[in-house]
Structures are given as C-alpha cells and as structure tokens.
Amino acid sequence: MGTTPYDWLDRSLVALHRAHRYREVQAIDGMAGATVQRQGQTLVNFASNDYLGLASDPRLAAAAIAAIETYGTGSTGSRLLSGHRELHRELERAIAALKGTDDAIVFSSGYLANLGAIAALVGTPDLVLGDEYNHSSLKAGGKVSGAAMLDYRHGDIADLKKLLEAHRDRHRRCLITTDSVFSMDGDLCPLPEILNLADTYDAMVLVDEAHGTGVFGPRGAGAVEHLGCASRPLVAVGTLSKALGSLGGYVAGSQPLINFLRNRASGWIYTTGLSPADTAAALAAVQIVQHEPQRRAALWNHVKQVMEQLDLILTKAKAPHLMQRLPSESPIICLEMPSAAAVVAASEQLQRMGLWVAAVRPPTVPTSRLRITLMATHQQVHLDQLLAGLQRVFDEL
Ligand SMILES: *Cc1c(COP(=O)(O)O)cnc(C)c1O
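Residues numbered from 1 in each chain as written. Predicted model: local features only at pLDDT ≥ 70, side-chain atom pairs only at ≥ 80, totals over all residues. Heavy atoms only, no water.

## Overview of the overall build of the chain
A count of helices and strands for the chain gives 14 helices and 14 strands. Since a compact globule built from 397 residues should have a radius of gyration of about 21 Å, the 22 Å found for the chain is in line with a globular shape. C-alpha atoms of the chain, sized along the principal axes, occupy 55 × 55 × 55 Å. In the chain, once contacts between residues fewer than 6 apart in sequence are set aside, the share between residues at least 24 apart is 70%. In the structure as shown, the chain presents an accessible area of about 17,600 Å², 55% of it carried by carbon and sulfur atoms. One finds the centroid of the 36 positive side-chain charges in the chain at a distance of 2 Å from the centroid of its 39 negative side-chain charges. (Helix = DSSP H or I, 4+ residues; strand = E, 2+ residues; numbered from the N terminus. Rg over C-alpha atoms; globule rule 2.2 N^0.38 Å. Contact = heavy atoms within 4.5 Å. Areas by Shrake-Rupley, 256 points an atom, 1.4 Å probe, with all protein chains shown as cover. Lys, Arg positive; Asp, Glu negative; His and termini not counted. Charge placed at Lys NZ, Arg CZ, Asp CG, Glu CD.)

What follows is the structure in structure tokens.
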C-alpha cells in the first residue's frame, strides 16, 4: 500500500514512540554551566559532560575570540592543504605534554578520531576485539576498517583472553579497543590486565579517554595515568569536547604512530582542519587542567559525597529492586530502572523539581537508567537539591 519509498519513515517513528525510544533535542538558552535556563525554567545541570565547568570559562572564550580575530572563523581547508595553523601544532604539543606521549594529532571530533585511527591501523586481514559496552564511535571505526570484529563481555579479561587464544593466530594485526571510562556506566576498564594480554598476544591497544582526560589522574592526564599505564605503549584517543569544554578530538601516542596517522587516517586527511576558535579554546583548557588541580579535587569531593548519600537513600528505599546504582568509579553515576517508561517518568519528575538528569534508554544502553554527571562547579546546594529530588522519586516509586 505504500505510495512513496519513504513511507516506512512514518511507521518507524510510530514504533519508536510506542517503545518510549523517541528522542528530541531540547534547547538550553544562553550559557552552559552548573545551572542552565531551558524554556524559562532554571535547571541544575546533571546532564552535561562539562566536568570541570570549562565550557563557560571566560578564559576559553577570550582565547577563542582572539583566535578568530587573528585567523578568522574557518580554517579553510584540510590540514595538509590550506587548513593548518601553528595554533594546531601548539595544541597537539600541549596534549602530548599532558599525556606524556611523543606527539598527538587533532581531529574534528572524538568520533572522527576513533573512526580515523581505527580504520588506519587495521584492515581486512586484521582483527578488532572490543568491549561490548564500547562507545558507538569505536564500533563504527571497526566496521569502517573492514577488519574482523568480535566483542568481549564487558570488562571481562577471561573472555578477552579466550577470544585472543581462539582467533589471534588467524589474523595479521590485532587491535583491542576499549573506553577507559565507560560513558553510560561510569566504570573503568581493567587497563593493566588488557595491556598484559596485548603483550602476550602481540596486539595493539586503543583506549578512548573521552571521559577520562582532565578528570582522572594526579595531573589530569586521564584514566590511563590514574591506572598507572602512562608509560605503556598504546593508542590514546580522546575528545576536546567534554572536560576540555571545546570541540574536536585527538590521538596521542608514539612519534611513528602520529606520523603514520598524518599520512594514512582518511578522517584527518580529507576533512577541514579544526577551527581556530575551537583550537584556541582547547589549548586554554589544557593549560587550565594542568594549573588548576583544585577543579579536579572539587569534582571528586562531589562524586564521593553523592555516591555515599545515594547509597544511604537506596538502602532505606521501600522498593530497592526498582532502582539500583550501577558500579561507577567516575563522575558518571547511573541509576538503573526496570523500564524505559520508568526512567522517562523519573527524569520528568526531577525536571519539575528543577533538576536536569538524563534518561538513557536502549538502544544506547542495554538497560534503562538515569544518568547523573557531576561537575566541579556544582555548589553544595545543587548537590543537596539533587539528593532531595532523588529521595522523592524513590519515595513515590
Ligand atoms: C563523546 C564520546 C566520543 C565522541 O567524542 P566527540 O568529540 O563528542 O565526537 C567518543 N568516545 C566516547 C567514549 C565518548 O563518550
């Protein structure tokens, strides 16, 4: 009965609505930050990845404005043609210094950094082994590369070893991919064990520090530093758009790795260089990460406090099975609920109380959950408001 080749779109949308999986963008008015204005309502923001509050830091804005005035708005071409500025190299050197690597290469986004790096490092004769909860961009990179792809169970070293044992020999190169901090769960990957296995089975390791950089480690270098693996050879990917408050992505690693990517990563060669404003803002952010450890300290105090108090609330809850805190070691704190409809209702209830907490549902994650992200710039009243709001949600479950 379909009269056009596009009729299936309407049917798909109806199915999404019915499954409570339909999503829409919501505009915030004005500045990002610990509190935001949305449609006339002030909301305490527990939904952003702006862990250090740098997206609204005047120093980043000033650096971006100065870069626009010096270089203009667009970089005008790919880095290998007209799109390269000395500013890009300054940022790449600053990222390498933060990470303690030889060098780094900056991409237009973290998504593209994963796509570009993975597709350059492996091809059809090769094998990619990835954690089943890996970010979409790691999975997409594996697909684009044409390599054979297998998922190992989340954080399961024994399962990874089994797959290496069974499949490694049949492939030329092998790449193990993992988030360092899992973006929708908040737990960490067992990186030292992964690196040991990689040594044994002659495999490369790509670790995605999107939620680690600026947040973890005594120097803010990331979860790799926190887990004591900064001196091990690996491919460290990350984003400039989370704790660093700008836009863009990067790969940090050895000189041969970075030189190779400059020659072989299509996602870097065939796309326009990062804009001067984004580049300058990210550079300012890297410097702040290095010079203001008190931001990280404030963030971790918030994490400790919210986790402890949440667990207290949960142990006293009348129906504990209706909400469970997922294991987390990061500012990403998730509360699992039985259905997509339940998390949407909880998120809406919190919103009426002036709290912005995201409802994350399948297919993004296997089980529905409220996802709370904390910021260094949250005030004590914000945390109190969150805990009181969650208490009410539990009481009314
Ligand atoms: C956000 C994210 C990305 C993508 O980074 P962008 O710069 O936003 O494209 C990649 N990996 C993980 C784990 C992420 O959370």
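Continuing now.
## Here we look at the sheet that holds strand S7 (residues 204–208)
In space, the seven strands of this open sheet follow the order S3-S9-S8-S7-S6-S4-S5, with mixed pairing throughout. Sheet topology places strand S3 (103–107) and strand S5 (148–152) at the edges, where each strand pairs with a single neighbour. This sheet shows a mean twist of 20° between the axes of neighbouring strands, independent of strand direction. As paired strands, strand S4 (residues 127–131) and strand S6 (residues 174–179) are joined by four bridges and run parallel to one another. By the bridge assignment, leucine 127 is partnered in S6 with cysteine 174. Relative to S5, helix H5 (residues 136–145) is tilted by about 150°, and along the sheet it contacts S4, S5, S6 and S7. (Pairing = 2+ DSSP bridges. Axes fitted to C-alpha atoms, helices over the stretch in contact; angles between N-to-C directions.)

## Some points on the domain arrangement of the chain
On domain assignment, one finds that the chain holds domain 1 (26–56 + 293–396) and domain 2 (58–291). The C-alpha centroid of domain 2 is placed 27 Å from the C-alpha centroid of domain 1. Of the residues lining the interface, 27 residues belong to domain 1; the matching set on domain 2 comes to 28 residues. Surface buried jointly by domain 1 and domain 2 totals about 2,000 Å² across both partners, of which 58% is contributed by carbon and sulfur atoms. Looking at the side of domain 1 facing domain 2, the largest losses of area belong to Leu54, Arg296 and Glu329, adding up to 30% of the total buried there. Connecting domain 1 to domain 2 are one salt bridge. For the salt bridge of aspartate 185 with arginine 369, the shortest nitrogen-to-oxygen distance reads 3.0 Å. (Domains from an automatic or database assignment. Buried area = accessible area lost by both parts, 1.4 Å probe. Salt bridge = Lys/Arg side-chain N within 4 Å of Asp/Glu carboxyl O.)

## A few points about the pattern of salt bridges
Between side chains of opposite charge, pairing is possible as soon as their charged atoms come close. For the coordinates displayed, the defined rule picks out 22 salt bridges. Notably, a salt bridge pairs arginine 59 with aspartate 57, separated by 3.0 Å at the nearest N-O pair. Through salt bridges with shared partners, a single ionic network connects Arg79, Arg89, Glu92, Asp103 and Arg262.

## A look at the packing of helix H12 (residues 293–315) against helix H14 (residues 380–395)
For the pair H12 and H14, the least separation of the axes is 11 Å and the interaxial angle reads 20°. As summarised for this structure, H12 and H14 are arranged roughly parallel, according to the angle between their axes. For the element pair H12 and H14, the recorded crossing hand is right-handed. When H12 is examined against H14, the residues His302, Gln305, Val306, Gln309, Leu310, Ile313 and Leu314 are found in contact with a partner set consisting of Gln380, Leu383, Asp384, Leu386, Leu387, Leu390, Gln391 and Phe394. When grouped by side-chain class, the residues that make up the contact of H12 with H14 number nine nonpolar, five polar and one charged. (Parallel < 35°, antiparallel > 145°, perpendicular 65-115°, else oblique. Left-handed = near helix turned anticlockwise from the far one by under 90°. Nonpolar A, V, L, I, M, F, W, Y, C, P; charged D, E, K, R; others polar.)

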